[in-house]
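Summary of structural features
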Amino acid sequence: MAGVDLLAVRTFVTAAEAGQLQIAADRLAVTQQAVSKRVAALEKSLGVPLFTRTARGVRLTVDGQAFLPHARALLDAEERALSSVRPGRRPLRVDVIGRRAATAGVLRDFHRARPGVALDVVTLPDVRAAVTAVRSGSVDASFRCVTMPGFELPDGIEATPLFDEPLHLVTGPAHAFAAAREITPARLAGHHVWMPGNVPGAEWTAYYDALAAEFGLTIDAVGPNFGVEDMLDTIAGSPTVATFLSDRTPLVRPAVHGLRRIPLRDPTPVYPHSLLWHAGNPHPALAALRAHLASRPTGRPDGEVWAPPWALRSRPPGSGPAPARAAGSAD
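This text gives an overview of the structure that appears in the document. (Residues numbered from 1 in each chain as written. Predicted model: local features only at pLDDT ≥ 70, side-chain atom pairs only at ≥ 80, totals over all residues. Heavy atoms only, no water.)

A few points about helix H6 (residues 127–136)
Defined as follows: Burial classification: accessible surface area is computed with a 1.4 Å probe over protein chains only, and a residue below 20% of its type maximum counts as buried, one above 50% as exposed, and the rest as partly exposed. Only DSSP runs of H or I reaching four residues or more are called helices, and only runs of E reaching two or more are called strands; each is numbered from the N terminus. In this description, the arc belongs to the directions extending from the helix axis to the C-beta atoms. Working rule for contacts: check all heavy atoms of both residues, and any pair within 4.5 Å makes them a contact. Side-chain atoms alone can form a polar contact between residues adjacent in sequence; in general such a contact is a pair of N or O atoms within 3.5 Å, and within protein one must be able to donate a hydrogen while the other accepts it.
Within the sequence span of H6, burial applies to Val 127, Ala 130, Val 131, Ala 133 and Val 134. Projection of H6 onto a plane perpendicular to its axis shows the buried side chains occupying an angular sector of 165°, all on one side. The exposed residues of H6 that point more than 90 degrees off its buried face are Thr 132, Arg 135 and Ser 136. Taken together, the buried residues of H6 touch strand S3 (92–95), strand S5 (141–144), strand S6 (157–171), helix H7 (203–215) and strand S11 (268–278). Between a side-chain oxygen at the N-terminus of H6 and the backbone nitrogen of Arg 128 the separation is 3.1 Å; the capping residue is Asp 126. In the stretch just after H6, Gly 137 is the one whose phi turns positive, near 90°.

Next up, the structure:
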């Protein structure tokens, strides 16, 4: 059997339940001739007769009786498959930059507030992959920093700023800045800042490139990226190597490592997060997520802050809500 036409299977099940082809035709809103052709095509595909025609209608053959429960199972499987991707029935798919990042925490807060909303959480490699997924509908929303130089949001993709995430310097106990209560970014010029996760083309790499250019820093991305835990192991034992993490990224075993988290001030570099979604996405849970995010305080740090001029950012308190930015628009 090369394949089974599900429309013919549905017609067969309807005719079997009705007992008459005309009643089946009425239920399916087609002609009796169409029902007859579909059933005949299915019988040809299966290689067996499914009905015996009588003066009073149709009666299942032995093969028809054997096939009927499997035909119903095929139709049930079809409905489950369609429901898995039907807006409002399938989980809301949301991309976060990392499962340890602040945006993952924001999504966890949404899940606690709306436990009835099914969620699929994914981590895509960069903003280009995220936008492609949002545009195709394989992802409903994405938390990203937008838009980096040389990249614009395509038509139909909306972005609204969520919050600015302050950066901290993280060092080991023997580092020159380990005892500092806070530090200015300019004081880091000439010191070794190691960020092996900064890959070319990623939006966070563009952010840190802009940060380095603004304050005369050298950010080293050399070496394999084995994850935050391995990076912090190296930093904990080094008197010269430090890294940047957000103020919301938990440290790994800080008591064992002796790691220091030092706030950056005057100005405070902030990583600006936005929500991306497709304007035509009908998933009802997307509206619920956007409403939840809009109700959150921006949590802007005190004092002067810095972010790249190309980044979409939330507005200071009292200036009103920041508008969503559509494709191709400027700050």
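Moving on from the coordinates now.
As for helix H5 (residues 102–113)
Rule in force here: Helices are assigned an expected span. That span is 1.5 Å times one less than the residue count.
For H5, with 12 residues, the first-to-last C-alpha span of 17 Å sits near the 16 Å given by 1.5 Å per residue. Every buried residue belonging to H5 is among Ala 102, Thr 103, Ala 104, Gly 105, Val 106, Leu 107 and Phe 110, and all of these are buried.

What about the packing of aromatic side chains?
Convention followed: The aromatic pairing rule takes the rings of Phe, Tyr and Trp, using the six-membered ring of Trp, and pairs them if the centres are within 6.5 Å, calling planes under 30 degrees apart stacked, those over 60 edge-to-face and the rest tilted.
Taken as a whole, this structure holds 7 aromatic pairs when the rule is applied. Between the aromatic rings of Phe 12 and Phe 67, the centroid separation amounts to 5.4 Å while the plane-to-plane angle is 45°, which identifies the pairing as tilted. With a gap of 55 residues between them, Phe 12 in helix H1 (residues 6–18) and Phe 67 in helix H4 (residues 62–85) connect regions that are remote in the sequence. Each member of the pair Phe 12 and Phe 67 is classed as buried. Each ring, one from Tyr 207 and one from Tyr 208, has its centre 5.0 Å from the other, and the planes form 90°; the classification is edge-to-face.

Side note on the nonpolar core
The following threshold applies: Working definition of a nonpolar core: buried Ala, Val, Leu, Ile, Met, Phe, Trp, Tyr and Cys residues. They are joined through side-chain atoms within 4.5 Å.
Leu 153, Leu 169, Leu 188, Leu 211, Phe 244, Leu 276 and Trp 310 are the most contacted members of the largest nonpolar core, which totals 39 residues. At the level of elements, H6, S6, H7, strand S9 (241–246) and S11 are the ones that each hand at least two residues to this core. Take this core: its biggest share by element is 8 residues, from H7. Leu 169 has contacts with Phe 177, Leu 188, Ala 242, Thr 243, Phe 244, Arg 260, Arg 261, Ile 262 and Leu 264, leaving out every residue within four places of it along the chain.

Everything listed here is a matter of coordinates, which is why it stays silent on function.
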